[in-house]
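The chain contents come next:
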Amino acid sequence: QVQLVESGGGLVQPGGSLRLSCAASATIFSIDTMAWYRQVPGKERELVAGITRGGSTNYADSVKGRFTISRDGAKNTVYLQMNNLRPEDAAVYYCNVLFSMGSIVWGKGTLVTLSS
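Note that the coordinates shown come from a computational prediction; the quantities given were computed from them, not determined experimentally. (Residues numbered from 1 in each chain as written. Predicted model: local features only at pLDDT ≥ 70, side-chain atom pairs only at ≥ 80, totals over all residues. Heavy atoms only, no water.)

(A) Fine view of the packing of aromatic side chains. One pass over the structure, following the stated rule, counts one aromatic pair. Over the ring of tyrosine 94 we find arginine 45, and its NZ or CZ is 3.7 Å from the ring centre. It is arginine 45 that lies over the ring of tryptophan 106; its NZ or CZ is 4.6 Å from the centre. (Phe/Tyr/Trp six-rings, centres within 6.5 Å; stacked < 30°, edge-to-face > 60°. Lys NZ or Arg CZ within 6 Å of the ring centre and 35° of its normal.)

See below:
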């Protein structure tokens, strides 16, 4: 029933920036945690950053100091500001939402590509 709409991916030069957005289509559910994951071919999907309802955040060590996750509770939207991008950041980025009732919903993914 709930759908996640992701946007913001694209091609960027190393050292550049992108901002990813993910909006939940329904507001009738209580959201516990929103997060961004990423995955490259042949590798497991990994957590990039997460944010709780109360605003607490956590980041993968590889992105600390470069990425910032934030959310707009009224809009059920989560953002990932990515600065100083590196070639190893190239991946499909997936939005993930954990609802208080225990359900988990994944977005379809948005591709981030680093130019060489």
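Having put the structure on the table, let's press on.
(B) Representation of the nonpolar core in the model. Counting 30 residues, the largest nonpolar core has Leu4, Trp36, Phe67, Val78, Leu80, Met82 and Tyr93 as the members making the most contacts within it. Taken together, the elements giving at least two residues each to this core come down to strand E3 (18–24), strand E4 (31–39), strand E5 (46–52), strand E7 (67–72), strand E8 (77–82), strand E9 (91–99) and strand E11 (110–114). Among the elements that line this core, the one with the most residues is E9, at five residues. In this structure, tyrosine 93 is in contact with Glu6, Leu20, Trp36, Tyr37, Arg38, Val48, Phe67, Leu80, Met82, Gly109, Thr110 and Val112, ignoring residues within four places of it in sequence. (Core = buried A, V, L, I, M, F, W, Y, C linked by side-chain atoms within 4.5 Å. Buried < 20%, exposed > 50% of the residue type's maximum accessible area, 1.4 Å probe, protein only. Helix = DSSP H or I, 4+ residues; strand = E, 2+ residues; numbered from the N terminus. Contact = heavy atoms within 4.5 Å.)

(C) Structural detail: the state of the cysteines. Counted according to the given criterion, the structure contains one disulfide. Across the disulfide, cysteine 22 is cross-linked to cysteine 95 (sulfur-sulfur distance 2.0 Å). In this structure, the disulfide formed by cysteine 22 and cysteine 95 twists by about -85° around the S-S bond and is classed as left-handed. Taken together, the residues cysteine 22 in strand E3 and cysteine 95 in strand E9 connect sequence positions 73 residues apart. There is no split in this pair, since cysteine 22 and cysteine 95 are both buried. (Disulfide = S-S within 2.5 Å.)

(D) Inspection of the pattern of salt bridges at higher detail. Counted according to the given criterion, the structure contains four salt bridges. Where arginine 38 meets aspartate 89, a salt bridge forms, and the shortest distance between an N and an O atom there is 2.9 Å. With a gap of 51 residues between them, arginine 38 in strand E4 and aspartate 89 in the loop between E8 and E9 connect regions that are remote in the sequence. For arginine 38, a relative accessible area of 6% puts it in the buried group. Overall, the relative accessible area of 0% leaves aspartate 89 in the buried class. With a closest N to O distance of 2.7 Å, arginine 66 and aspartate 89 form a salt bridge. Residue arginine 66 is found in the loop between strand E6 (57–59) and E7, and its partner aspartate 89 is found in the loop between E8 and E9; the two are separated by 23 residues along the sequence. Pair check on accessibility: arginine 66 and aspartate 89 agree, each one buried. Overlapping salt bridges, with partners in common, bring together Arg38, Glu46, Arg66 and Asp89 in one network. (Salt bridge = Lys/Arg side-chain N within 4 Å of Asp/Glu carboxyl O.)

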